[in-house]
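Each chain, written out:
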Amino acid sequence: MSPSSSFRFDSVLSLILKDQPLSDALQHYGYGTAGFRFKASIMDGLMVRVGLLSILLLLETPSSEDMGIMITASHNDESYNGVKLARPDGSMLTPSQEDFLTAWVNENDAEKWKRLLEDKAENLRTNQPCSDSERTLHLGRDTRVHSPHLSLLCCQGAQACVDALVVNSNVRILDHGVLTTPMLHHIVLHSNPQYLPSYITPRPSRNGYIQTFAEAYVYLMTHGESAGGGTTINALHVDGACGVGHQAVKELTLAIQDLLEENDGQSGSCTGTVISAHNGPGDGPLNLDCGSEHVQKQLLPPIWYDGTPTTTLDYCCALDGDADRIVFFGQDAASPSTVSKGDEDGDVETPTGQLTHLLDGDKIAILIAHVLKEKLNDVPDGSPTMGIVQTAYANGASTKYVESTLNLPVKVAKTGVKHLHHAAVENFDIGIYFEANGHGTVVFSKAFEEFAIKQQQNFNSSFFVKLHQLINPAVGDALCDMLLVDFLLKSALGGWTLQQWNDMYQDLPSRMLKVKVQDRSIIRCNDNETECTEPDTVQPLLQQAMSTVNQGRTFIRPSGTEDVVRVYAEAATREEADTLAALAAQIVYDTCNGVGDRPSASSF
Ligand code: 16G
Ligand code: MG
């Protein structure tokens, strides 16, 4: 080791161990289902380390490939923040990369750090993997107040690592500023075009993202069977959760309008949907009584902070705080005082109205599958395979509809987007995956790409190519999903309402509960979390409880994001679903060392 490189390591070590030490407010920083996520006030030291370690991960990728870092805490309140990494193909970290990151983020031994850096430097000297190729670490952040500060710390850690380790190399740190999570994934994927099909032009920027999806949407809206054919165009009201998705919706809408105007004359009477964005940053508190998590879990419309609508809104959708989830809904005219919000002067009653429909991730997946099945029926043989990936939380009625009515296979994956994504990639040419909470997308295989190209070349049909262009293959994306659903309802299905969509099947009544236990890590589940394997007394008792109600299904799992055990139950009637949920919660409490009051049937 040369003295100069030792000196450089000293400056890195002093940054992570002395200038920005890890907060001692937490004993261990765990990489959860969706990255590191904590109160923003304890994240400074963590961010420097994540920046540094991201450069090490970037240098470990086999060839010249880019990676990304997104700073957001999604649907959590404003006091939280988080950081997650995106791999070259736009997806999330592998389990071994997560383990590496978690182990080193929590390491405070200067000697161990020094050895890691020395090994890395030695490795670079021997293998020189990036001497002639440029690699970029892309950074994006949401609109939380502390995001710029945390992003800066992350850049500092990354830059210190580059300065210390990577002599004469082309490693760039590119801060894109404010982005939605799917925009960051898009940029990382488009920076590694070897992962894109030939018919998707690489556009690794915010504007490239907007143009890619606006163009595909406008093409599909103006070339579909019902395009310009008198489709009812009612406005789509978008709840941006007072977060980063709001501005992106506005940009996308403007780009769509520009393209439609350019197209005018060729496209006949198609004027596109009027998309009206509400709840931007500063209009109200981030994710508070608004956004997809609120609408889906509370079964209430959002507060429209920019002025409460007093009329019925029959076509709405809500994004989450980083715009990677979406649910659709309709709402009745605002009725007074549905939500009570406290402020310094006492209670303020805010009129919100009632939900008329809720179209969640299960319903979005089925809408997509329904239309694609029809389209594939129309093409000559050799169709790509198609299937749906759900989690155990998918309503039993949706699973039955897919298997019995659509005649498509269903795979059940473990909770967490990365599990669904992989199951979709591994099992199908067209893999449609959605969590009930509204996170999802469609992934396409190489065989699908060849099929889509053949359809275009031999049969003059660009539908499948354009469909692929409208979908973000890297990650669930609220904005693409919004445009896709709008196209399916308005054009592909000739003008369906939310009511018609909702009537495809009726959900079984369901109930979710949380139970506190002393140590939730004693609970183990099978691969797709439909059964509890440890403690071994639990599952027989759950089976017994299920047999007491009609169409009963219940499962329990330790949460990956909160210190609770989650209970899900569904059954033929509301009463039976509630009874089953209460029984399952009591089983967890009794067999897994419950804390606090024993759950009872009257708790809801
Ligand atoms: C995270 C996951 C989400 C999952 C949720 C489950 C990502 C990007 N997000 O938010 O997919 O539904 O965790 O939370 O993977 P739980 O383990 O607390 O139930
Ligand atoms: Mg999110």
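As annotated in an unreviewed UniProt entry, the chain carries the name Phosphoglucosamine mutase and is attributed to Nitzschia inconspicua.

Much of the literature gives interface size as the accessible area that the parts lose upon coming together. According to the domain assignment, the chain consists of domain 1 (3–178), domain 2 (208–359), domain 3 (361–482) and domain 4 (510–603). The distance between the C-alpha centroids of domain 3 and domain 4 comes to 31 Å. Summing the contributions of domain 3 and of domain 4, the shared interface buries around 850 Å²; its carbon and sulfur component is 51%. The largest contributions to the domain 3 side of the interface with domain 4 come from Ala392, Tyr393 and Lys414, which together make up 62% of the buried area. In this structure, the connection of domain 3 to domain 4 is made through 0 salt bridges. Here the side of domain 3 that touches domain 4 is composed, by residue class, of 5 nonpolar, 3 polar and 1 charged.

Generally speaking, nonpolar side chains in soluble globular proteins are found buried as a group. Counting residues in hydrophobic clusters, the biggest one holds 98 residues, and the most contacted among them are Phe328, Ile432, Met482 and Trp501. With 10 residues, the top contributor of residues to this core is helix H15 (residues 478–492). Leaving out residues up to four positions away in the same chain, Phe328 has contacts with Leu236, Tyr315, Cys316, Cys317, His357, Leu358, Leu359, Ile364, Met482, Val485 and Trp501. Of all hydrophobic cores here, the second largest spans 51 residues; its members include Phe38, Val83, Leu116 and Leu117.

Moving on: the UniProt feature "domain: Alpha-D-phosphohexomutase C-terminal" (unreviewed entry) in the chain. Cross-referencing UniProt, the feature "domain: Alpha-D-phosphohexomutase C-terminal" (unreviewed entry) maps to residues 551–583 in the present numbering. Here residues 551–583 is 30% helix and 36% strand, with 15 Å between the C-alpha atoms at its ends.

A few words now on the pairing of strand E12 (residues 355–359). Within E12, 4 of the 5 residues are buried, leaving the element largely enclosed by the surrounding structure. Here 4 bridges tie strand E9 (residues 326–331) to E12, and the two strands are oriented antiparallel to one another. If you follow Gln331 over to E12, its bridge partner there is Leu355.

Looking at the magnesium ion (ligand 2), the protein donor atoms are Ser74 (OG), Asp320 (OD), Asp322 (OD) and Asp324 (OD), and they sit 2.1 to 2.2 Å from it. Between consecutive donor residues of the magnesium ion (ligand 2), the sequence gaps follow S-x245-D-x1-D-x1-D. With Ser74 in the loop between strand E2 (67–71) and strand E3 (80–86) and Asp320 in the loop between strand E8 (313–319) and E9, this residue pair connects regions lying 246 residues apart in the sequence. In terms of burial, Ser74 and Asp320 fall into one category: buried.

A separate point is the pattern of salt bridges. A full pass over the atoms with the stated rule returns 24 salt bridges. Residue Arg553 pairs with Glu570 through a salt bridge whose shortest N-O separation is 3.1 Å. Linking Arg553 in strand E20 (residues 553–558) with Glu570 in strand E21 (residues 565–570), this pair joins segments that are 17 residues apart in sequence. Among the residues examined, Glu570 registers a relative accessible area of 2% and is labelled buried.

Rules of the game
Residues numbered from 1 in each chain as written. Chains lettered and ligands numbered in written order. Predicted model: local features only at pLDDT ≥ 70, side-chain atom pairs only at ≥ 80, totals over all residues. Heavy atoms only, no water. Domains from an automatic or database assignment. Buried area = accessible area lost by both parts, 1.4 Å probe. Salt bridge = Lys/Arg side-chain N within 4 Å of Asp/Glu carboxyl O. Nonpolar A, V, L, I, M, F, W, Y, C, P; charged D, E, K, R; others polar. Core = buried A, V, L, I, M, F, W, Y, C linked by side-chain atoms within 4.5 Å. Buried < 20%, exposed > 50% of the residue type's maximum accessible area, 1.4 Å probe, protein only. Helix = DSSP H or I, 4+ residues; strand = E, 2+ residues; numbered from the N terminus. Contact = heavy atoms within 4.5 Å. UniProt positions renumbered as here; feature names shortened; annotations may be inferred. Pairing = 2+ DSSP bridges. Donors = N, O, S within 2.8 Å, 3.2 Å for Na, K, Ca; no water.

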